[in-house]
Amino acid sequence: MRPAESLRETYGKKLVEIGHRKKDVVVLDADLSSSTKTSEFGKIFPDRFFNMGISEQSMVTAAAGLALAGKQAFVSTFAVFLMRTYEQIRQSVCYNNIDVKFVVTHAGITVGEDGATHQIVEDVGIMSGLPNMKVIVPADSIETASVIDYLVDKTKTPYYVRLTREKFPVVNDDSYKFKEGQNTVLRDGSDLTIFCNGSMVGFSLQAAEELKKQAIDTAVVNVSSIKPLDRSGIISYAKKTGHVVTAEEHSIYNGLGSRVSEVLSEEYPVPVVRVGMRDTFGKSGKSWELFDYFHMGIKDIVSAGIKSFREVNKYETIS
Amino acid sequence: MEKSMPDKDFKGMDRETLEKIAKKARSLIIKMVYSAKSGHPGGSLSIIDVLTYLYFNEMNVDPSDQNLSSRDRFIMSKGHASPALYSILALRGYFPSELLMDFRKINSKLEGHVHRGVPGVETSTGSLGQGLGIGVGMALAAKMDHNPYRVYVVLGDGEIEEGNVWESLMAGSKYGLNNLVAILDKNGVQLDGFTRDIMPMGNVAEKVKAFGWEVREFNGHDFDDIKSAFDFARSVKDRPVFLIANTVKGKGVSYMENNYKYHGSPPANDEEYERALREIEGI
């Protein structure tokens with residue numbers, strides 16, 4: 001796997017490209033533009049870039065007004081700070097069902113040294129609960145670029161796109177095109193499926209290699225579209241492999257692990273072991289240290305795979 | 001440059017005619033909330049004169065061409081004053097007045113708080129503090145597009161206790177939005193009691209001025225004074241304008257006036273209901 005630029009760097013470049021071809025695109029930030037990389041857009045299109053200061057509520061409501069007046073508004077800040085505007089997002093954006101795209105950066109524990117105050121691991125759950133909101137967690141820069149193209153060219157409703165700070169390896173082919181509500185099978189297998197997204201996709205591919213050495217033939221499926229969810233894609237791999245692991249840089253209580261478990265418990269119960277944050281805050285440290293500290297590293301995914309694989313497939317027992 | 005809308009016949013309407021329309025709207029407000037057995041009459045009655053002026057004498061809007069890009073925008077940030085906005089929209093011709101009696105009922109579009117699905121409504125509101133920010137966004141869009149429309153936002157007295165309002169005041173000032181007018185319905189009463197007791201705001205005019213807005217106070221129940229306030233707002237060229245309408249909560253119904261209990265309650269019984277309608281007719 002080759003190293004890549006961070007997803008936020010890709011986002012910044014992509015915004016500039018879009019700015020040239022879409023005159024109705026506007027961008028808002030809350031004094032973090034040099035970190036979210038929206039500053040690149042701001043330099044080239046100052047008339048369509050609004051730095052609202054450290055005033056997220058003002059930023060989100062102004063974005064709603066711009067969208068109501070016919071603009072496509074991209075709103076960026078750190079994921080954790082957008083959450084203070086949950087209610088503005090709910091009332092002014094989602095209830096109006098308008099063209100505001102929340103592309104946030106620095107989500108999850110990979111913010112690293114900044115510590116618990118900045119490491120949000122609840123945001124996917126919070127945003128997924130909103131009617132009219134769709135939620136995407138890209139795995140690499142190729143997917144990020146494709147998601148932004150998709151949002152600009154094909155959509156006019158609210159989206160939440162979760163980006164991170166760190167560089168992560170490229171896992172998708174150059175020809176990859178994001179499709180809403182559709183999983184991507186990155187590696188096929190017959191004994192176990194790892195459903196994963198974001199930074200955990202690269203780790204999951206490495207874990208699958210390890211599991212192969214232990215004779216567990218493991219599929220890796222990228223579930224970047226958390227909402228809408230590819231239910232049939234999840235069910236078909238549960239049927240095919242009979243054992244499931246989920247892996248996410250997020251709380252296991254209201255993110256990918258929860259969504260996958262919901263689908264399988266309703267449609268096709270198989271053993272599921274979830275890897276992700278427990279009911280806890282993060283802490284300062286290097287991001288690679290934090291994955292081990294919170295039992296979310298490659299070896300933890302491998303352990304989860306072995307645990308799931310050794311469990312009896314309850315569905316087969318029932319039938 | 002977008003073409004400006006031609007003046008409608010309503011422009012230049014005399015004081016007596018405006019008063020008659022406001023009286024009709026007040027009756028409709030009472031009928032709506034009594035029919036729904038719920039809703040917010042107090043803050044609807046306090047702002048209805050300003051709304052009457054806006055829709056019949058100030059704003060460039062046309063119910064027969066509701067999507068015209070150069071129409072003026074109105075935002076009822078205090079979304080609980082839905083009876084006021086819905087009744088004035090009906091009287092202005094956006095939809096039949098009979099629909100008002102379905103307010104808050106299961107098969108009606110007339111949601112309890114202002115809803116964008118209703119003809120003439122620009123944005124849903126109901127959670128306080130958000131409308132001014134939306135107005136800032138609309139005014140920014142007008143500037144970008146060189147579109148001459150103006151944006152009017154009605155804020156509640158208690159509503160300005162929300163931090164979002166002050167954040168948006170900063171933004172309006174930063175961008176010099178001379179196409180944005182905020183109107184404060186300063187009736188002095190909020191849900192739990194008098195505003196001065198719940199959260200004393202001190203000298204609001206001075207505070208808003210310090211945030212970089214032009215400020216003017218006026219009597220929100222006197223159409224001559226209302227007119228001069230909005231004419232003044234048009235004359236300001238370099239910054240947004242914050243108009244403070246001094247009003248009476250529940251204006252026109254004696255037992256509702258300055259009574260916080262009628263912030264969110266309809267007349268209690270037939271007797272109160274008929275008394276309210278009689279008093280409104282007698283104004």
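Undergrad: Help me understand the nonpolar core in this model?
TA: The nonpolar side chains of soluble globular proteins are, as a tendency, buried together. In terms of nonpolar packing, the biggest core is built from 85 residues, with Leu28, Phe102 and Tyr160 of chain A together with Phe242 of chain B touching the most fellow members. Each of two domains, domain 1 (7-162) and domain 2 (184-318) of chain A, supplies a minimum of three residues to this core. Residues within four places of Phe102 of chain A in sequence aside, it is in contact with Val60, Val75, Leu82, Ile89, Val93, Met133, Tyr159, Tyr160 and Val161 of chain A. Formed by 62 residues, the second largest nonpolar core is a distinct cluster that contains Ile21, Phe230, Ala233 and Tyr255 of chain B.

Undergrad: Would you explain the interface of chain A and chain B in this entry?
TA: Quite often, the size of an interface is put as the accessible area lost when its parts meet. In this complex, chain A contributes 25 residues to the contact, which on the side of chain B involves 26 residues. Both sides of the chain A and chain B interface together cover about 2,000 Å² of buried area, and 53% of this is carbon and sulfur. When the area that chain A buries against chain B is broken down by residue, the three leading residues are Leu68, Tyr95 and Asn96 of chain A, summing to 24%. Our count for the contact surface shared by chain A and chain B stands at one salt bridge.

Undergrad: How should the sheet that holds strand β6 (residues 214-219) of chain B be read in this particular structure?
TA: Through backbone hydrogen bonds, the strands of a sheet pair up, either in parallel or in antiparallel fashion. Residue and element names in this part refer to chain B. The strand order β1-β2-β3-β7-β6 describes an open sheet built from five strands, whose pairing is parallel. Each end of this open sheet is capped by a strand with a single partner; those strands are β1 (73-76) and β6. On average, each strand axis in the sheet is tilted by 20 degrees relative to the strand beside it, whichever way the strands run. As paired strands, strand β3 (residues 180-186) and strand β7 (residues 241-246) are joined by six bridges and run parallel to one another. The partner of Asp185 across the bridge, within β7, is Ala245. On the sheet, helix α4 (residues 131-145) packs against β1, β2 (151-156) and β3 and is oriented at approximately 170 degrees with respect to β2.

Undergrad: For this particular structure, what's the right way to read helix α1 (residues 7-21) of chain A?
TA: One turn of the α-helix equals 3.6 residues, which is why residues spaced by three or four share an orientation. Residue and element names in this part refer to chain A. Taking 1.5 Å as the rise per residue, α1 with 15 residues should run 21 Å; its terminal C-alpha atoms sit 21 Å apart, in good agreement. Regarding α1, the residues found buried are Leu7, Arg8, Thr10, Tyr11, Gly12, Lys14, Leu15, Val16, Ile18 and Gly19. Among the structural elements, β1 (25-29), α2 (33-36), α3 (39-44), β3 (72-76), β4 (100-104) and α8 (141-154) are those in contact with the buried residues of α1.

Undergrad: I'm lost on the packing of helix α10 (residues 231-241) of chain A against helix α11 (residues 256-267) of chain A in this one. Help?
TA: To describe two helices that pack against each other, one gives the angle between their axes and the distance between the axes. Residues and elements named next belong to chain A. Orientation of α10 relative to α11, taken along the N-to-C sense of each, is 65 degrees, at an axis distance of 10 Å. Accordingly, the angle class assigned to the pair α10 and α11 is roughly perpendicular. Seen along the crossing, α10 lies across α11 with a hand that is right-handed. Contacts from Arg231, Ile234, Ile235 and Ala238 of α10 reach α11 at Val260, Val263, Leu264, Glu266 and Glu267. Across the contact of α10 with α11, the residue classes break down as six nonpolar, no polar and three charged.

Undergrad: What exactly am I supposed to notice about the side chain of His250 of chain A here?
TA: Residue and element names in this part refer to chain A. With respect to the secondary-structure elements, His250 resides in strand β11 (residues 244-251). Residue classification places His250 among the buried residues on the basis of a relative accessible area of 1%. In terms of polar contacts, His250 uses its side chain to reach the backbone amide nitrogen of Asp123, at 3.4 Å. Excluding residues within four positions of it along the chain, His250 makes contact with Val121, Glu122, Asp123, Val124, Gly125, Arg162, Gly255, Gly276, Met277 and Met296.

Undergrad: What exactly am I supposed to notice about the sheet that holds strand β8 (residues 192-196) of chain A here?
TA: Residues and elements named next belong to chain A. Strand order in this open sheet of five strands is β7-β9-β8-β11-β12, and the pairing throughout is mixed. Two strands lie at the open edges of the sheet, namely β7 (184-187) and β12 (272-277), each paired on one side alone. Between one strand and the next, the sheet's axes are offset by a mean angle of 25 degrees, whatever the strand orientation. Bridge analysis of β8 against strand β9 (residues 218-222) gives five bridges, and the strand direction is parallel. If you follow Thr193 over to β9, its bridge partner there is Ala219. Contacting β8, β11 and β12, α11 runs over the sheet at an angle of about 145 degrees to β11.

Undergrad: Please clarify how the pattern of salt bridges should be interpreted in this entry.
TA: Working definition: two side chains of opposite charge can pair if their charged atoms are close together. All names here are of chain A. In this structure the tally under the stated criterion is 32 salt bridges over all chains. Close ionic contact of Asp153 with Lys22 constitutes a salt bridge, the shortest N to O distance being 3.8 Å. Placement of the pair is Asp153 in helix α8 and Lys22 in the loop between α1 and β1, with a sequence separation of 131 residues. Residue classification places Lys22 among the partly exposed residues on the basis of a relative accessible area of 30%. Lys71 is paired through a salt bridge with Asp24; the nearest N and O atoms lie 3.4 Å apart. In this pair, Lys71 sits in the loop between α4 (56-68) and β3 while Asp24 sits in the loop between α1 and β1, placing the two residues 47 residues apart along the sequence. Accessibility expressed as a relative area gives 3% for Lys71, which makes it buried. Salt bridges here are not isolated pairs; linked through shared partners, they connect Lys14, Glu17, Arg21, Lys22, Asp149 and Asp153.

Undergrad: Explain the packing of aromatic side chains to me, please; I cannot follow it from the model alone.
TA: The geometry of an aromatic ring pair comes down to the distance between the two centres and the angle between the two planes. Tallying each qualifying case throughout the model produces 15 aromatic pairs over all chains. Here the aromatic rings of Phe50 of chain A and Tyr175 of chain B are separated by 5.5 Å at their centres, their planes lie at 80 degrees, and the arrangement is edge-to-face. A residue pair is termed interchain when its members come from two chains, as with Phe50 of chain A in strand β2 (residues 49-51) and Tyr175 of chain B in the loop between α5 (163-174) and β3. According to the relative accessible area criterion, Phe50 of chain A is buried, its value standing at 4%. Residue classification places Tyr175 of chain B among the partly exposed positions, given a relative accessible area of 23%. With 4.9 Å between their ring centres and 75 degrees between their planes, Tyr293 of chain A and Phe294 of chain A make a pair best called edge-to-face. A network of ring pairs unites the aromatic residues Tyr53, Tyr152, Phe218 and Phe230 of chain B as a single cluster.

Undergrad: Can you help me understand the side chain of Asn183 of chain A in this one?
TA: Residues and elements named next belong to chain A. Relative to the helices and strands, Asn183 is located in the loop between β6 (159-162) and β7. The class of Asn183 is buried, set by a relative accessible area of 12%. For Asn183, the residues in contact, after removing those within four places along its chain, are Phe195, Val221, Asn222, Val223, Asp230, Gly233 and Ile234.

Criteria and cut-off values
Each chain carries its own residue numbering, running from 1 in the direction its sequence is written. By the order in which they are written, chains take letters starting at A while ligands take numbers starting at 1. Only residues with pLDDT of at least 70 get local features here, since the model is predicted, and only at 80 or more are side-chain atom pairs given and counted; chain-wide, interface and lining totals rely on the full set of residues. As a rule here, side-chain values cover all heavy atoms of the structure and leave hydrogens and water aside. The set of buried Ala, Val, Leu, Ile, Met, Phe, Trp, Tyr and Cys residues whose side-chain atoms join them within 4.5 Å is what this entry labels a nonpolar core. A simple rule labels every residue: compare its accessible area, found with a 1.4 Å probe on the protein chains alone, to the largest value its type can have, and call it buried under 20%, exposed over 50%, or partly exposed in between. The split into domains, and so the bounds of each, comes from an automatic or database assignment of domains. Any two residues whose heavy atoms approach within 4.5 Å at even a single point are treated as in contact. Note on definitions: buried area is the accessible-area loss of two parts on being combined, 1.4 Å probe, summed for both. A pairing counts as a salt bridge when a side-chain nitrogen of Lys or Arg comes within 4 Å of a carboxyl oxygen of Asp or Glu. By the convention used here, strands pair only if DSSP detects at least 2 bridges between them. Numbering of helices and strands runs from the N terminus, with a helix taken as a DSSP run of H or I at least four residues long and a strand as a DSSP run of E at least two residues long. Note on geometry: axes are lines fitted to C-alpha atoms, helical ones only across the stretch in contact, with angles between N-to-C directions running from 0 to 180 degrees. Here a helix's expected span is defined as the number of its residues, less one, multiplied by 1.5 Å. An angle counts as roughly parallel when it lies under 35 degrees, as roughly antiparallel when it exceeds 145, as roughly perpendicular when it falls between 65 and 115, and as oblique in every other case. Left-handed is the label given to a crossing in which the near helix is rotated counterclockwise from the far helix by less than a right angle, and right-handed is the label when the rotation is clockwise. Lys, Arg, Asp and Glu make up the charged group, whereas Ala, Val, Leu, Ile, Met, Phe, Trp, Tyr, Cys and Pro make up the nonpolar group; the residues left over, Gly among them, are polar. Nitrogen and oxygen atoms within 3.5 Å of one another constitute a polar contact, given that in protein one can donate a hydrogen and the other can accept it, and given that sequence-neighbouring residues count only through two side-chain atoms. Pairing of aromatic rings covers Phe, Tyr and Trp, the last counted by its six-membered ring, and requires centre-to-centre distances within 6.5 Å; plane angles under 30 degrees mean stacked, over 60 mean edge-to-face, and any other angle means tilted.

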